[in-house]
Amino acid sequence: MRFATESRRASITQGRASFARWRPWWSAWCLVVLAAIGHRVSASPLVLVVMEESRQEAKAKDAVTPAILPRIYAALDSAPPDVDAWVRLLDGRTWLTDPSVAPFVESMARTLVGAIGEDTRSPRGVSSLAARLGMPPIEACDRYLGRDVRFQIRGSGEQLDWCLVTLVNEKDMDHLIRSLRAVIRGGGIYTLPEDHMALAVHGEWLILGRSVEAPLFTDCIQRLAASPAPSLRQTLAQAGLNTNELGTVGDGRLAIVFSGPKPLSGWSAIALEAKAGQLSGSLRGSYTQSPLPRTTSMQLDVSLLESFDNVCLGAQIDPIATEVDPGDSFFVQRFPALLRSPAARSNLGSTRLLLIGEVDGARANPPLGMRCPAVALAYEVDDAEAARQDQDRMIASLVEHERRHDGLQSIPPIQLPDGTSGDPSEPRSYDSHTLMEQLIGQHPLVRTVSINWQTLRCGDRSWQVYATHPEWLRSVATALQRLPAAKSEPTNPITSAGLLNGQRVASHLRSWVGEAAAFQSDRPAEFARGIELIASVAERFGGVRWVMNQPDDHVIELSLKATLTQPSVGEPARVTPPK
């Protein structure tokens, strides 16, 4: 206790603290949120749409917002200007004490531990750090990350540097220093020789990092005493993300700011909140190069999505782009048959549906011991008969072009009804296995892909449908024919909206484990572990809903709300990854 007290006095006098890459088990849930949104992998993470709340929830929200919103992004002034990601959590203990949220937190923690693995620079590893604290992981998370925690990342790969700063009371500070057998370096700075990490104390702030020489560790220590310019706030402003607008992103206890990978050259800011079994939040991103194709905002009948809630793994609705985007030039050059004629474009309605489902891989040739994804696109059309003729011509032209382009004249052309035989409204299918192998390669999922199409009259709507599997085409057609007869009132103009069922997605992904060698023959166990990590997070979400808007080509706004699910007693056992 004595050396801890003396070090604290020294740290207060010196005004120094350190923060770097901290990987104890009980810090996992905070970090995995960053991984879950696809940091350095995806520039358009999901964020959450706030739906109607009860009167009691609204009162609680009003009480929380004034205390949290003005402060949650204020700490950007003390963040280094060149970090690639910044995370802040305020009052995280409220999540840990909410029984409807705690399972989600625990799932995120397990995912991070598996995703980042053991630090090769730390012989004892993250599990040892948690064990030496002598308390359950959730209790440790409550004590050490429950008040105010900030996590920052700079660089990647071998150049990765990170820092964690968290507000801890004196008693818990002493316990951690003793338990981890910290060695005093002076000025409130310690080393953790057994773990190859550094630790610093500045008042009530505890800083953990990769080493005392790590630049980010030193930078964060200095910034605790003052908030020198430039800061991350200035970096965001230069990138077009005005931090004065971040208060409108949404309320929440967790804020995440991160840069996108090149050539995106932009930033995203997210606010999240979890309470009463609901995870909600929103995002605003500003990018030099838009991560999404150019599109327009339009009033859409988003109620259509509800008809697919029990059919799909996920579904999305967006406006039909009737004009060819300059960014599609390569695609159009490679597949000119897919370029619709002016007459065909004029027959398109306003709505497109993207519908993702699954089919049984056991019916593939050769069979696959997994469920395989299937995709369908449904375009609203005005004249069903004209759309059917356009559809037949386009698919026949596509196949013929690919037969000639790839020297596959031995593959038979499509045989279409001549109008005197067969029902023109029946679904069509073409076995495109050889063509797909030419385009994609001999990936196992190619075995279930074929070209399937149909035009449907469904009440006051008509749809032109394309699908990657005949069974999925039938399922989608059935759902379309059950759409409500009357159209609902459209929303305000939006770019897209969607839904996702996390539990179905998790079950689907876990079926891939048995075919891990087909996906990654040299490291099937690693592939299986990665699938389990993703599934373990996905299963904690029931219904997920999101809405997206693009005010201009370089700005994205997302909102989403998800129902958090509880672990069930009869939850299926996890598949053991192959060795």
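One structure accompanies this document, and this report is about it. This one's a predicted model, so the numbers in the text were calculated from it and none came from an experiment.

A short note on the packing of aromatic side chains
So, step 1. This model, assessed by the stated rule, comprises four aromatic pairs.
So, step 2. Taking the centre distance of 6.3 Å and the plane angle of 35° together, the rings of Phe 151 and Trp 162 count as tilted. Residue Phe 151 is located in strand 2 (residues 148-154), and its partner Trp 162 is located in strand 3 (residues 161-167); the two are separated by 11 residues in the primary sequence. Here Phe 151 and Trp 162 have matching classes, each one buried.
So, step 3. On the numbers, 6.2 Å between centres and 85° between planes, the contact of Tyr 379 with Tyr 466 is edge-to-face. Of this pair, Tyr 379 sits in strand 13 (residues 371-381) while Tyr 466 sits in strand 16 (residues 461-467), and the two are 87 residues apart along the sequence. Note on accessibility: Tyr 379 and Tyr 466 belong to one class, buried.
So, step 4. Taken together, the ring pairs connect Trp 512, Phe 519 and Phe 527 into an aromatic cluster.
So, step 5. In this arrangement the basic side chain of Arg 340 is found over the ring face of Tyr 379, its NZ or CZ atom lying 4.8 Å from the centre.

Some remarks on the pattern of salt bridges
So, step 1. Taken as a whole and judged by the stated rule, the model has 26 salt bridges.
So, step 2. Close ionic contact of Asp 77 with Arg 233 constitutes a salt bridge, the shortest N to O distance being 2.7 Å. With a gap of 156 residues between them, Asp 77 in the loop between helix 3 (55-72) and strand 1 (85-90) and Arg 233 in helix 10 (residues 232-238) connect regions that are remote in the sequence.
So, step 3. The partner of Arg 88 in a salt bridge is Asp 148, and the shortest N-O contact between them spans 2.7 Å. Of this pair, Arg 88 sits in strand 1 while Asp 148 is found in strand 2, placing the two residues 60 residues apart along the sequence.
So, step 4. Relative accessible area serves as the criterion here: at 5%, Arg 88 is assigned to the buried category.

Quick word on the environment of Met 394
So, step 1. In this fold, Met 394 is placed in helix 13 (residues 384-405).
So, step 2. As a C-alpha pair, Met 394 and Leu 339 span 55 residues in sequence and 8.3 Å in three-dimensional space.

Remarks on unusual backbone geometry
So, step 1. The phi dihedral of Asp 91 falls on the positive side, at around 55°, and the residue is not glycine.
So, step 2. By the secondary structure assignment, Asp 91 is in the loop between strand 1 and helix 4 (93-96).

Let's talk about the state of the cysteines
So, step 1. Per the stated rule, a full pass over the model turns up zero disulfides.
So, step 2. As a non-bridged cysteine, Cys 163 has Cys 220 as the owner of its nearest cysteine sulfur, 3.3 Å distant.
So, step 3. Using a relative accessible area of 0% as the deciding quantity, one classes Cys 163 as buried.

Description of the nonpolar core
So, step 1. Membership of the largest hydrophobic core comes to 52 residues, with the highest contact counts inside it found for Tyr 144, Leu 199, Leu 206 and Phe 541.
So, step 2. Take this core: its biggest share by element is five residues, from strand 19 (residues 555-564).
So, step 3. In terms of nonpolar packing, the next biggest core, distinct from the first, is built from 44 residues, Trp 463, Val 476, Trp 512 and Ile 531 among them.

Observations concerning the environment of Gly 188
So, step 1. Along the chain, Gly 188 turns up in the loop between strand 4 (183-186) and strand 5 (189-192).
So, step 2. Gly 188 gets classed as buried once you look at its relative accessible area, which sits at 3%.
So, step 3. Each C-alpha atom of the pair Gly 188 and Val 201 lies 5.2 Å from the other, and the pair is 13 residues apart in sequence.

A short note on helix 8 (residues 170-179)
So, step 1. Within the span of helix 8, buried status applies to Asp 172, Met 173, Asp 174, Leu 176, Ile 177 and Ser 179.
So, step 2. The backbone nitrogen of Lys 171 has a side-chain oxygen 3.2 Å away, supplied by the residue at the start of helix 8, namely Asn 169.
So, step 3. Once helix 8 ends, the next one or two residues include Arg 181, with phi positive near 50°.

As for the pairing of strand 17 (residues 496-501)
So, step 1. With five of six residues buried, strand 17 is to be regarded as a mostly interior element.
So, step 2. Pairing geometry for strand 11 (residues 314-319) and strand 17, over four bridges, is antiparallel. Bridge pairing links Ile 317 to Ala 497 in strand 17.
So, step 3. In terms of strand pairing, strand 17 meets strand 18 (residues 541-552) through six bridges, oriented antiparallel. Paired with Gly 498 across the strands is Trp 546, a residue of strand 18.

Considerations on helix 7 (residues 137-145)
So, step 1. Where helix 7 is concerned, the buried positions are Ala 140, Cys 141, Tyr 144 and Leu 145. Angularly, the buried residues of helix 7 cover 100° about the axis, an arc narrow enough to put them on a single face.

Overview of the packing of helix 16 (residues 502-510) against helix 18 (residues 524-538)
A pair of packed helices is characterised by two quantities: the angle between their axes and the separation of those axes.
So, step 1. The N-to-C vectors of helix 16 and helix 18 enclose an angle of 160°; their axes lie 8 Å apart at closest approach. With respect to helix 18, the axis of helix 16 lies roughly antiparallel. Handedness of the crossing formed by helix 16 with helix 18: left-handed. Across the interface between the two elements, Gly 502, Gln 503, Val 505, Ala 506, Leu 509 and Arg 510 from helix 16 touch Ile 531, Glu 532, Ile 534, Ala 535, Ser 536 and Ala 538 from helix 18.
So, step 2. Classifying every residue of the contact of helix 16 with helix 18 gives seven nonpolar, three polar and two charged.

So, how was this worked out
- Residues numbered from 1 in each chain as written.
- Predicted model: local features only at pLDDT ≥ 70, side-chain atom pairs only at ≥ 80, totals over all residues.
- Heavy atoms only, no water.
- Phe/Tyr/Trp six-rings, centres within 6.5 Å; stacked < 30°, edge-to-face > 60°.
- Helix = DSSP H or I, 4+ residues; strand = E, 2+ residues; numbered from the N terminus.
- Buried < 20%, exposed > 50% of the residue type's maximum accessible area, 1.4 Å probe, protein only.
- Lys NZ or Arg CZ within 6 Å of the ring centre and 35° of its normal.
- Salt bridge = Lys/Arg side-chain N within 4 Å of Asp/Glu carboxyl O.
- Disulfide = S-S within 2.5 Å.
- Core = buried A, V, L, I, M, F, W, Y, C linked by side-chain atoms within 4.5 Å.
- Polar contact = N/O pair within 3.5 Å; in protein donor to acceptor, adjacent residues only side chain to side chain.
- Pairing = 2+ DSSP bridges.
- Arc of directions from axis to C-beta.
- Axes fitted to C-alpha atoms, helices over the stretch in contact; angles between N-to-C directions.
- Parallel < 35°, antiparallel > 145°, perpendicular 65-115°, else oblique.
- Left-handed = near helix turned anticlockwise from the far one by under 90°.
- Contact = heavy atoms within 4.5 Å.
- Nonpolar A, V, L, I, M, F, W, Y, C, P; charged D, E, K, R; others polar.

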